[in-house]
Amino acid sequence: MSLVRVYPIHERACTVQLEKPICLETFQVIEAIHQLLLKKFEKEISESILSYNSATFFLHQENQLAHCCEQFQVLTSALLENKSSIEKKPREIIKIPVCYHTKYAPDLEAVICQLQQSEAEIIALHSQRSYQVYTIGFVPGFPYMGEVHAALQLPRKKIPVPRVAPGSVAIAGQQTGIYPIEVAGGWHIIGRTPLKLFDKSREKPCLLEAGDQVEFYQITLEEFENWNEPTYP
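All of these numbers come straight from a predicted model, not from anything done at the bench.

Caption draft 1: Molecular detail of the pairing of strand β6 (residues 130-136). Across the seven residues that make up β6, a large majority, five, are buried. Of the strand pairs in this sheet, β6 and strand β7 (residues 143-146) are connected by four bridges, and their pairing is antiparallel. Each bridged residue has a counterpart across the sheet, and for Q132 the counterpart in β7 is G146. With antiparallel pairing between neighbouring strands as the criterion, β6 and β7 make up a hairpin whose turn holds six residues, including G141 at a positive phi of roughly 90 degrees.

What follows is the structure, given as structure tokens:
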């Protein structure tokens, strides 16, 4: 079986997917493939989306699809045969402030009970590690990040709540995320950030993107409520 699949999903789009488990190593490989194809096919590609173990490319013209699919397969297969050529470039860590006060963490007490950890332990487990942003969805700006500490892992809620406040920091399974807008959600809310994850008036609407490295740090209730967000381009 090939280690990589390239297949069309639209008249002007195709996906490159690795036949590997979803993990940090897999993401680093697909990120390298993504960068390689963007560089080699700069004129043909109009847009791209990077995710856990795949990258989707949108093309300018329909008549480019068959050729690009063929060449994507050749290039990615060659890259996978020579993994030593894959550069793992260090990323600047983006620091995200989080208020873990129960006023903005409606599920924190329930998480404490379910995991049999203290509030301080929950906060430490969540904030004292770096996270990889694997992809952005299910609404604009929502970062899927991993992996959370094994002692902090919980399944999604059985019944989602109809309204989650913007900036809510949440956990589910092996992942953590931040709700950028008010929306229904089934993750466990353990804090809130004063930062805007999505702002369509910015040149770069989404604060985070796939490939970013994130660390959370705790701020007090007073700091949260008096926060002046810096201006982002």
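Caption draft 2: Structural context of the pattern of salt bridges. Summed over all chains, the structure comprises five salt bridges. E19 serves as the salt-bridge partner of R5, at 3.8 Å between the closest nitrogen and oxygen. Here R5, found in strand β1 (residues 4-10), pairs with E19, found in the loop between β2 (13-18) and α1 (24-40); they are 14 residues apart in sequence, far enough to count as distant. Judged by its relative accessible area of 39%, R5 is partly exposed. E182 is the salt-bridge partner of R163, the closest N and O atoms lying 3.0 Å from each other. Of this pair, R163 sits in strand β8 (residues 161-164) while E182 sits in the loop between β10 (175-178) and β11 (183-185), placing them 19 residues apart in sequence. With relative accessibility at 61%, the residue R163 sits in the exposed group.

Rules of the game
- Residues numbered from 1 in each chain as written.
- Predicted model: local features only at pLDDT ≥ 70, side-chain atom pairs only at ≥ 80, totals over all residues.
- Heavy atoms only, no water.
- Buried < 20%, exposed > 50% of the residue type's maximum accessible area, 1.4 Å probe, protein only.
- Helix = DSSP H or I, 4+ residues; strand = E, 2+ residues; numbered from the N terminus.
- Pairing = 2+ DSSP bridges.
- Salt bridge = Lys/Arg side-chain N within 4 Å of Asp/Glu carboxyl O.

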